[in-house]
Structure formats: structure tokens, C-alpha cells
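Tertiary structure, described
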Amino acid sequence: MIPRLSRAHRYTLAGFLYSVAVVIGAPVTVASENCSTRALVGLQEKAGAAFSVKAPALSISIKEQAKAPVSWKIVDTALIADPAATPLFHIGSITKTFTAALVLLLDQEQQLSINEPVSRWINLPNAASVTVAMLLEHTSGIPDILDLPGHAAQDSPENSLGHIAKANLLFSPGSRWDYSNSNYLLLGLIIERVTSRSYGQVLSERLLEPLGLTNTYLWGTEDRPSVLPGFRLACGGPEEDKCQDDKNYPVHRVNNGRDWRVAWSAGGLVSNSADLSEWMQALTQGPVLDEAHRNLLMTPTALSVQGLTDKGRFEGLRWRSMGMGLMQFVFEDESEAWGHSGYIDGFSAIAASAEGLPSVAITAALQQSNVYELAASGFSELDCWTGSDKLVF
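Residues numbered from 1 in each chain as written. Predicted model: local features only at pLDDT ≥ 70, side-chain atom pairs only at ≥ 80, totals over all residues. Heavy atoms only, no water.

1. Regarding the sheet that holds strand E8 (residues 269–271)
How we decide: Any two strands with at least two DSSP bridges between them are considered paired. Helix and strand definitions here come from DSSP, where helices need a minimum of 4 consecutive H or I residues and strands a minimum of 2 consecutive E residues; each element is numbered from the N-terminal end.
The sheet built from three strands is open, its strands ordered E4-E8-E5 with antiparallel pairing. Strand pairing shows two members of the sheet lacking a second neighbour, strand E4 (89–90) and strand E5 (217–218), which therefore form its edges.

2. Overview of the nonpolar core
Condition: Buried residues of nine kinds, namely Ala, Val, Leu, Ile, Met, Phe, Trp, Tyr and Cys, make up a nonpolar core once their side-chain atoms join them within 4.5 Å. Throughout this description, buried means an accessible area under 20% of the type-specific maximum (1.4 Å probe, protein chains only), exposed means over 50%, and partly exposed covers the range between. We call two residues in contact when some of their heavy atoms are within 4.5 Å.
By size, the foremost hydrophobic cluster in this structure holds 61 residues, and its most contacted members are Phe-98 and Ile-190. Elements represented by at least two residues in this core include exactly helix H2 (95–108), helix H3 (132–137), helix H4 (157–165), helix H5 (181–195), helix H6 (199–211), helix H7 (264–267), helix H8 (273–285) and strand E13 (347–353). Residue contacts for Ile-190: discarding those within four places in its chain leaves Leu-112, Val-118, Trp-121, Ile-122, Val-132 and Leu-135. Ala-55, Met-322, Val-371 and Phe-379 belong to the second-largest nonpolar core, a separate cluster that totals 45 residues.

3. Some details on unusual backbone geometry
Even without glycine at this site, Trp-264 takes up a positive phi of about 45°. With respect to the secondary-structure elements, Trp-264 resides in helix H7. With phi around 70°, Glu-334 is a residue other than glycine that occupies positive phi space. Positionally, Glu-334 belongs in the loop between strand E11 (327–331) and strand E12 (336–344).

4. Describing the state of the cysteines
Note the threshold: Count a disulfide wherever a pair of cysteine sulfur atoms falls within 2.5 Å.
Under the criterion given, the structure shown has two disulfides. A sulfur-sulfur separation of 2.0 Å characterises the disulfide bridge that pairs Cys-35 with Cys-384. Linking Cys-35 and Cys-384, the disulfide has an S-S dihedral of approximately -140° and is accordingly described as left-handed. Placement of Cys-35 in helix H1 (residues 35–47) and of Cys-384 in helix H12 (residues 382–386) is noted, with a sequence separation of 349 residues between them. Of the residues examined, Cys-384 reaches a relative accessible area of 11% and is grouped as buried.

5. Considering the confidence of the model for the protein chain
Rules: Confidence scores labelled pLDDT are given residue by residue by the predictor and lie between 0 and 100.
Confidence in the prediction for the protein chain averages 87 pLDDT; 90% of positions are at 70 or higher. Here residues 1–33 is a poorly scored stretch, pLDDT under 50, and it has 80 contacts once near neighbours within four places are set aside; other chains count. Long-range and interchain partners of residues 388–393, a stretch whose pLDDT sits below 50, account for 17 contacts in this model, where long-range means more than four residues apart.

6. Regarding the pattern of salt bridges
How we decide: By salt bridge we mean one thing: a side-chain nitrogen of Lys or Arg within 4 Å of a carboxyl oxygen of Asp or Glu.
What the rule picks out here adds up to twelve salt bridges. Put simply, Glu-278 and Lys-63 hold a salt bridge, and the shortest N to O gap is 3.9 Å. Linking Glu-278 in helix H8 with Lys-63 in strand E2 (residues 57–63), this pair joins segments that are 215 residues apart in sequence. The residue Glu-240 makes a salt bridge to Arg-232 at a minimum N-O spacing of 2.7 Å.

Quick look at the structure:
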């Protein structure tokens, strides 16, 4: 589903009681003249400014070529009394970039073909007319699992497959673009059937361990105390009013999100901003895929351009298209970046990479954060984060 978020407004820095921690040195105060500290507080305010709230926790990481990621975090200790030194966040649909990479790796190694029908691997009505590529591109016509009756938090991937099998296609496969979490649940099942290993095992062995992404894992396979609680506004959910700009809503703590487990290969990963900035640079500019398959990730599909024409505009950034697993973001000056956003119970995140610039990843413990505007701010303030006046996006 395409998030429809609101514009944000800037607040002054006076009167905050938040602790700000940077990757080196001791915690610093909001009053610091340090540029990155001011920018960090600005991101925290901007995250929920349309609803007059601030993100209870937020982290940003910048990854320059051949350098380790540099990270900053801010936590409201009134809401999160004892945050971990390296807090972890649910990252929602950024999980899809890992799933897409695994499928493209299998295609690269000729263990499957993205042009073959899904019916080779999954027994599903209409699967013979849907290709693996259509799942990657969101052109399958398969409805979103989140919109299907019977969808429940305890559903296994096989249970989700049962719900999907009962649903009618929304359109003829390959004729339109429509973002659907179901596509990436099916891709997770295909990965398991091709490799005869669990999705979590393949993910760890092929991507997480080789890249040293030690803070990233599939929810439900481990129990790490460093995962932060999430927070959400009391709007936009089942039996709740639609979220509206400039309206105050209660903020609810989320300790056991409905979709954390069922999201699986479509949205079930936990990570932090440092791992995500490292991952996005490796995926778009590094060794994960060969050039041909990397291009598949970052080649806009005509159907996605059509489907997003009137839907992907946010302040400071436009989501213009998708390739086979990545979103194309266009900024106000028409500069481009590739990455993905993620929304899930209590959390939101975004990670993106642009040629010739550092990659940027932002994670927030607030489900209704406008991560698109946060990404625009992150890139526009690269001179602040990197300490260089040459890196202005």
C-alpha cells in the first residue's frame, strides 16, 4: 500500500529534555552548536510534526565509500527509560530489498529464472500467468495480504499463502502496477523451495554474514533485548479514524506488533540505521549483485511510472518509479536516489543511495513518520553530517 503522509512543520529547539547521543564522545545537549546535533533534533521534530508529536526515538546513519557508517541517535528517555547503546528498529518493507537481492542472486546463479512462471514453485490459482519478475515489480495483480479477510498475526507463510490462494486477481498479470506485500511473501516461499533452506537461513548465509550486518535479523528467529518499543498514533488502524493533518492523537506504545511476524520476507526484519546504510550502498554500488542484475533493481518500469504519477509526491521528494525491488526517489532539483521505505506497527524507516554520494538510512520509533521528507532532509544536509561543504545534494 502507498503511504499517504502529511507535510511537516519546523519547531524551535527550546525546552526539550531529550538526550542526544553521537557515535563518538559523550552525550551532548540539544543546545549544542554542533551542526549534526541540530540536524538530528530537526529530524526528530519533523518525523511527526504534522501531528504535533516528535519521534520517541530516531537514528540516522551516513555511509561514505570505503568508510564505516557514522551514526547519530536521539531517544526520549521519558518514554524509553533504558535504551540500548545500539538500539534496533523494525524496518518494515525495507525487508523487500533483501528478498529481491536473494531472488536476483538465484537468477544470477541460474538456480531459477525470473522469467519463469510462479507455478513452477508454488501451487496457486493463476500462477501460470504470473512470472517471478512480476512479483518483483509489483505487476502480478495479486492483492495485498493486509487487505485479505482472515489475515492474522499468528499466520505462518503457508497460512498467508492459503489466504492469497482464495483471492481473485485485481487485474490481468503484467497489465498494471500495484504495490502488494503478497508478492514478496511469495518470493520468500520461492527462495525456500529453490534452496531447500529456510528464508532466514538463506538470508543470513548469503547476505547478512558476508556483509557483516550483525544488527540485522528476521523477527521471530532471535530475541534481542536491544529492540526498541515502537509507537503509533491512535489513527489509521482498524476501527480508527483516518489520520488527518494538524490533529492531535494519543500516542500508543507498541510492544508486540500485529504484523511483525506475519510480514516475514515482505517486512519482518529488524535492523539499525548503520546496517541499513551499509546494506544500501553494497546493494546499489557494491558486490552483492553483478552489473546486469543490479540494473534490474534500478531500472524504472513503465507500469510503475504510470501507477505512481499521482500518488508518490511528498514534500522535498517524489517517489517516481520502481525497479525489481528498489524505489526511485527524485528530489526537488531532479537529483535521483534509489532505496526503499518501510512502515510497520510502531516503526518507520527509509534507506537510499545516490551515485557519487553517501548512502543515508533513517529509522524511527514512530509508525506515522514522514520518512520521505526525512530522507530529503538527510540528503540535503549531507554537508552537516559529513562535515564537508562539498557534499550538498
